[in-house]
Amino acid sequence: MMHRSEGERGLFEPEPPRAVRWIARTLEEAGYETWTVGGAIRDALLGAPSEDWDLATRAKPAEVQRLFKRTIPVGIDHGTVGVLSKDGVLYEVTTFRRDIETTGRHAVVEFADSLDEDLARRDFTINAVAWHPLNKVLHDPFEGRADLGRRVLRTVGEPRARFAEDYLRVLRGLRFAGTFRFTIEASTWHALVAAVTHTRILSPERVREEMERILQSPEPSRALGLYAASGALAQLYPELDGLVGRRRDLVRTRSGGLDARDDWYAHSLRVIDLLSPERPTLRWAALLQGVGHEGSVAAILERLRSSNARIRDVAAVSPSAATLPDPDASEESLRRLLSAAGRVSLRTMTRLWIANLRADEACGSRPDQGRFVTTCRRLRRIARSDVPLAVSELAISGRDLIGLGYEPGPRFGEVLEHLLDRTLADPTLNRNEALREEAVRWMSQQDRPTGAGRSGLPQPGASEASETL
Ligand code: ATP
Ligand code: MG
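A. Up close: the overall build of the protein. Assigned secondary structure in the protein consists of 24 helices and 13 strands. A compact globule built from 469 residues should have a C-alpha radius of gyration of about 23 Å, whereas the protein, at 29 Å, is more than 25% larger. Viewed in the frame of its principal axes, the protein has a C-alpha envelope of about 85 × 55 × 45 Å. Carbon and sulfur atoms make up 49% of the accessible area of the protein, which amounts to about 23300 Å² in all. Each charge class in the protein can be summarised by its mean position, and for the 67 positive and 67 negative side chains these summaries are 4 Å apart.

B. Main features of the packing of helix 15 (residues 294–303) against helix 16 (residues 308–321). Between helix 15 and helix 16, the least distance of the axes is 8 Å, while the angle of their chain directions is 145°. For the pair helix 15 and helix 16, the sense of crossing is right-handed. Contacts from Glu294, Val297, Ala298, Leu301 and Glu302 in helix 15 reach Arg310, Ile311, Val314, Ala315, Ala316, Ser318 and Pro319 in helix 16. Among the residues making up the contact of helix 15 with helix 16, the classes are represented as 8 nonpolar, 1 polar and 3 charged.

C. Structural context of the packing of aromatic side chains. For the structure on display, the rule yields 8 aromatic pairs. With centroids separated by 6.1 Å and ring planes inclined at 75°, the aromatic side chains of phenylalanine 124 and phenylalanine 176 adopt a geometry described as edge-to-face. Residue phenylalanine 124 is located in the loop between helix 4 (115–120) and strand 8 (130–131), and its partner phenylalanine 176 is located in helix 7 (residues 168–180); the two are separated by 52 residues in the primary sequence. For the pair formed by phenylalanine 124 and phenylalanine 176, the shared burial category is buried. Ring geometry for phenylalanine 180 versus phenylalanine 182: centroids 5.5 Å apart, planes at 45°, classification tilted. The exposure classification of phenylalanine 180 matches that of phenylalanine 182, with both residues buried.

D. The arrangement of the nonpolar core in detail. Membership of the largest hydrophobic core comes to 114 residues, with the highest contact counts inside it found for Leu171 and Leu288. Core analysis: the second largest hydrophobic core is formed by 12 residues, Trp35, Phe96, Ala112 and Val156 among them.

E. Molecular detail of the site of ligand 1. Close to ligand 1 lie 13 residues, the nearest being Arg42, Asp166, Arg169, Arg175 and Arg213. At 2.8 Å from a nitrogen atom of ligand 1 is found a side-chain nitrogen or oxygen belonging to arginine 169. Interatomic distance of 3.0 Å between a side-chain N/O atom of arginine 172 and an oxygen atom of ligand 1. Isolated, ligand 1 exposes 580 Å² of accessible area, and the fraction of that covered by the protein chains is 77%. Of all the secondary-structure elements, those providing two or more residues to the shell around ligand 1 are helix 2 (39–45) and helix 7.

F. Structural view of the pattern of salt bridges. This structure, assessed with the given rule, holds 27 salt bridges. Glutamate 165 serves as the salt-bridge partner of arginine 162, at 3.0 Å between the closest nitrogen and oxygen. Pair noted here: arginine 162 and glutamate 165 are both in helix 6 (residues 159–165), with a separation of 3 residues, about one helical turn. Overall, the relative accessible area of 6% leaves arginine 162 in the buried class. Arginine 206 is the partner of aspartate 166 in a salt bridge, and the nearest nitrogen-oxygen pair spans 3.0 Å. Taken as a pair, aspartate 166 in the loop between helix 6 and helix 7 and arginine 206 in helix 9 (residues 204–215) lie far apart in primary sequence, 40 residues in all. Relative accessible area serves as the criterion here: at 13%, aspartate 166 is assigned to the buried category. Under the relative-accessibility criterion, arginine 206 is labelled partly exposed at 27%. Salt bridges linked by common partners bring Arg98, Glu110 and Glu117 together as one network.

G. Region of interest: the sheet that holds strand 9 (residues 138–139). Pairing is mixed across the open sheet formed by 7 strands, whose spatial order is 3-4-5-2-1-8-9. Strands with a single pairing partner mark the edges of an open sheet, and in this sheet they are strand 3 (71–75) and strand 9. For strand 8 and strand 9, the ladder comprises 2 bridges, and the chain directions are antiparallel. Across the sheet, the residue bridging to alanine 130 is histidine 139, located in strand 9. Sheet strands touched by helix 1 (residues 18–29): strand 1 (34–37), strand 2 (54–57), strand 4 (80–84) and strand 5 (90–95). Its angle to strand 5, the strand with the most contacts, is close to 35°.

Reading guide: rules and limits
- Residues numbered from 1 in each chain as written.
- Chains lettered and ligands numbered in written order.
- Predicted model: local features only at pLDDT ≥ 70, side-chain atom pairs only at ≥ 80, totals over all residues.
- Heavy atoms only, no water.
- Helix = DSSP H or I, 4+ residues; strand = E, 2+ residues; numbered from the N terminus.
- Rg over C-alpha atoms; globule rule 2.2 N^0.38 Å.
- Areas by Shrake-Rupley, 256 points an atom, 1.4 Å probe, with all protein chains shown as cover.
- Lys, Arg positive; Asp, Glu negative; His and termini not counted.
- Charge placed at Lys NZ, Arg CZ, Asp CG, Glu CD.
- Axes fitted to C-alpha atoms, helices over the stretch in contact; angles between N-to-C directions.
- Left-handed = near helix turned anticlockwise from the far one by under 90°.
- Contact = heavy atoms within 4.5 Å.
- Nonpolar A, V, L, I, M, F, W, Y, C, P; charged D, E, K, R; others polar.
- Phe/Tyr/Trp six-rings, centres within 6.5 Å; stacked < 30°, edge-to-face > 60°.
- Buried < 20%, exposed > 50% of the residue type's maximum accessible area, 1.4 Å probe, protein only.
- Core = buried A, V, L, I, M, F, W, Y, C linked by side-chain atoms within 4.5 Å.
- Near = heavy atom within 4 Å.
- Polar contact = N/O pair within 3.5 Å; in protein donor to acceptor, adjacent residues only side chain to side chain.
- Salt bridge = Lys/Arg side-chain N within 4 Å of Asp/Glu carboxyl O.
- Pairing = 2+ DSSP bridges.

Next comes the structure, spelled out in structure tokens:
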């Protein structure tokens, strides 16, 4: 159902960049109707600064390319041409479109003649608002402005059908409702929950991009709470869904007792909110901090096709993020902690620990900050010292091993790991000669046949033995 509305002139006067008016004027003067649409208009109506000003036009991509000197074919198949303005910003100019076929994952589109058709294929009423940057007219056939005023999220058209066209809208809906603190209109919510199982067919990249956008928002906890409430979390992030309702003891209080109990997921969300939106690594690490060890954190990020750098950085710090270093820890265990996360990760980890502390404080816990600060100082001292914390920092290298007459191979990595392990226990060992001696000792021990245990075959009785443990 489409509510036709005449263009509205009102108090609403967003201020698009000059380049937006220049692009619109150029197209209009060539005879092509052109509007600004989508997120920028929504944000302006909300009184928030608009970021990406997208334009929709009746001109076909070839005509847009002809009219502007500097263009980039960013999505020419979908009708999108990037127009580069004088100030170096790329504006997306997209030809009016309509869907001719949808699969739940993507749509086949064709060019349409009217703005109304173009707005009708958009996901939510608040995103289906257009504003003419020259006539300063608002075109709002689905009453998105009223929904923005009531702070309600509603699909354009019949919710079930609209989610089935592209299940990413389920996640977009949760994000918009969460980040804008909107309520989801009842029939939209019911259809969204019913559609949640289908989000599994979405490409991992799109799922990840949605999460990235949530984590870049000021207060991700609401959208992430809606992920849990709608069932999307269970579908897409079962490891995180396992944290919902899992009891977590708060940090020890000054008196040594434990404070109130808390849910792991809720705690992690509080931690995320306390971290800067500009630090995605920290927020990812906090999101995944209850999941477990490095391997399982990395597995989730790999499944989402995250970049190698992101996987490396998050997996290094996430597993130790929620566990504050023990103030009574020995120097050796602090060295081992730093070695596992990497010397360079200390600042990141400290930020995460502080956010975890604050989140607990917000729940009434009174952690002993003085001792925490002292432990952090000890860690910093170790990180700055020349005590080796990585294989590459040892006073021995593969070259030395070759010098000792060993053939390069996987054994090299193992012996170096062993030497690091020994040096972490006793840093005075980090002298070339001492390490070479230890290397020779270890190698000869490895070469000595020690029966079934070293042949790689299971030792008889091993499984029974472990079962009785
Ligand atoms: P953000 O502020 O996060 O960028 P946005 O609304 O601008 O939000 P974009 O992904 O930039 O989101 O998309 C621009 C516009 O394109 C949206 O406002 C919406 O009108 C339309 N749109 C985007 N994705 C979809 C989709 N999956 N289904 C329908 N319409 C969509
Ligand atoms: Mg946008």
